[in-house]
Amino acid sequence: MKAFLILEDGTVFTGTSIGSKREMISEIVFNTSMTGYLEVLTDPSYAGQAVVMTYPLIGNYGITPDMESKKAWPDGYIVRELSRMPSNFRCEGTIQDFLEKQDIPGIADVDTRALTKILREKGTMNGIITTNENYDLEEILPKLKAYQVGEVVSKVTCSEKYVLEGTGKKVALLDLGAKNNIANSLNKRGCCVTVYPAHTTAEEIISAHPDGIMLSNGPGDPADCISIIEEIKKLYNSDIPIFAICLGHQLMALATGATTHKLKYGHRGGNHPVKDLLTNRVYISSQNHGYVVDTDSVDSKIAVPAFVNVNDGTNEGLKYVGKNIFTVQFHPEACPGPQDSGYLFDRFMEMMEGAE
């Protein structure tokens, strides 16, 4: 069946329908990872967005157990070519069946290079995937311009707290849309991880006397998370060691008076170089974000830049002055992507040891 991807600037791509046949309006973003399409599909940070995979062949090892949450989160999926015959000893099904089961509409056989160039040059845009051949641009374009992602953290967070048992340090993980591998990375280091829903009060977390607090990744505009920012201010004022990733990094910055802004087309992929300003060493990182902290807005009495993006100079991490708090914009837990910066979990472990 034919499908159409229409962007808010009026550009139309014609391709083949994959997954669900329902119509979908969303923000269109691109990811440059060559592998890890399943981790991308199940990453809660993509809630409210439709993902273009720039690598031309997607689905060639099928669906495997490598999921970052229990379900798929993107609103839509856009690929150049979908592998119809996956081959892998862990394969449990095809990506086509997975998209259908998860009710995610998609489009294949489109020129993803041309699409990515448009998004790079004009910036992230809203778009619609439809199978209606009699679409009316004059009717569709105003709807696309009006679409907003909105506050999506509430949609992706867990409904109640749960525990990953361990015999070591007690870590409270605030689930803002956490990928499974964040809790797993802590659990592997012996931590007993209690995962809390995003709107849990600071008092509840602090009263459990955790050895450390982890603020997770998540979707949407950080400035929309007003009530969560208020709770994070209270966590900042406690003396508990805190490590924050991605959205958690942005919310900690907002809680301490800094500001954030939206990037033209974001950082999404497994090959982003970041420089550790303490050692001047460069790490290749996995990233997925559309917003960044304004470095100029950070009060040097409160925090100092710890990592910088080598490509565009944007902030990639902060170390808080006089506090056991450090935050990073990228994903040290990878999935997908390189594990160069997995040592940051060890740094968090050392912080918790030192805080005794």
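The shown structure was predicted, so the numbers you read here are calculated from the model rather than taken from an experiment. (Residues numbered from 1 in each chain as written. Predicted model: local features only at pLDDT ≥ 70, side-chain atom pairs only at ≥ 80, totals over all residues. Heavy atoms only, no water.)

Asker: In this structure, what is going on with the nonpolar core? I would like to understand it.
Answerer: What tends to happen in soluble globular proteins is that the nonpolar side chains get buried as a cluster. If you look at the biggest cluster of nonpolar residues, it comprises 32 residues, and the most contacted ones within it are Leu 215, Ile 228 and Leu 251. For this core, the elements supplying multiple residues, two or more each, are strand 11 (170-175), helix 7 (202-207), strand 13 (212-215), helix 8 (226-237), strand 14 (242-245), helix 9 (247-255) and strand 18 (315-320). If you tally residues by element for this core, the top one is helix 9, at 6 residues. With 26 residues, the next largest nonpolar core counts Val 195, Val 328, Phe 345 and Met 349 among its residues. (Core = buried A, V, L, I, M, F, W, Y, C linked by side-chain atoms within 4.5 Å. Buried < 20%, exposed > 50% of the residue type's maximum accessible area, 1.4 Å probe, protein only. Helix = DSSP H or I, 4+ residues; strand = E, 2+ residues; numbered from the N terminus.)

Asker: Is there a simple way to think about the pairing of strand 4 (residues 49-53) in this case?
Answerer: Across a regular strand the side chains alternate sides, sitting on one face of the sheet and then on the other. The buried count for strand 4 comes to 5 of 5 residues, which makes it a mostly enclosed element. Burial of the side chains of strand 4 extends over both faces: Gln 49, Val 51 and Met 53 are buried on one face and Ala 50 and Val 52 on the other. The pairing of strand 3 (residues 24-31) with strand 4 spans 5 bridges and is classified as parallel. Pairing of Phe 30 across the sheet is with Val 52, part of strand 4. Sheet topology places strand 4 next to strand 6 (residues 76-78); 3 bridges connect them, and they run parallel. In the strand pairing of strand 6, Val 51 is matched with Tyr 77. (Pairing = 2+ DSSP bridges.)

Asker: Just checking my understanding: could you explain the UniProt feature "active site" (unreviewed entry) in the chain for this structure?
Answerer: In the UniProt entry, the feature "active site" (unreviewed entry) is given for Cys 246, His 331 and Glu 333. In three dimensions, the annotated residues from a span of 88 residues occupy one location, with a maximal C-alpha spread of 11.2 Å. Set against the largest cavity, the annotated residues that line it come down to His 331. Positionally, Cys 246 belongs in the loop between strand 14 and helix 9. On the accessibility criterion, Cys 246 (2% relative accessible area) is buried. Here Cys 246 is in contact with Asn 217, Asn 288, His 289, Val 328, Gln 329, Phe 330 and His 331, once residues within four sequence places are set aside. (UniProt positions renumbered as here; feature names shortened; annotations may be inferred. 1 Å grid on protein atoms, 1.4 Å probe; cavity = no way out; pocket = protein on both sides within 12 Å on 5 of 7 lines; lining within 4 Å. Contact = heavy atoms within 4.5 Å.)

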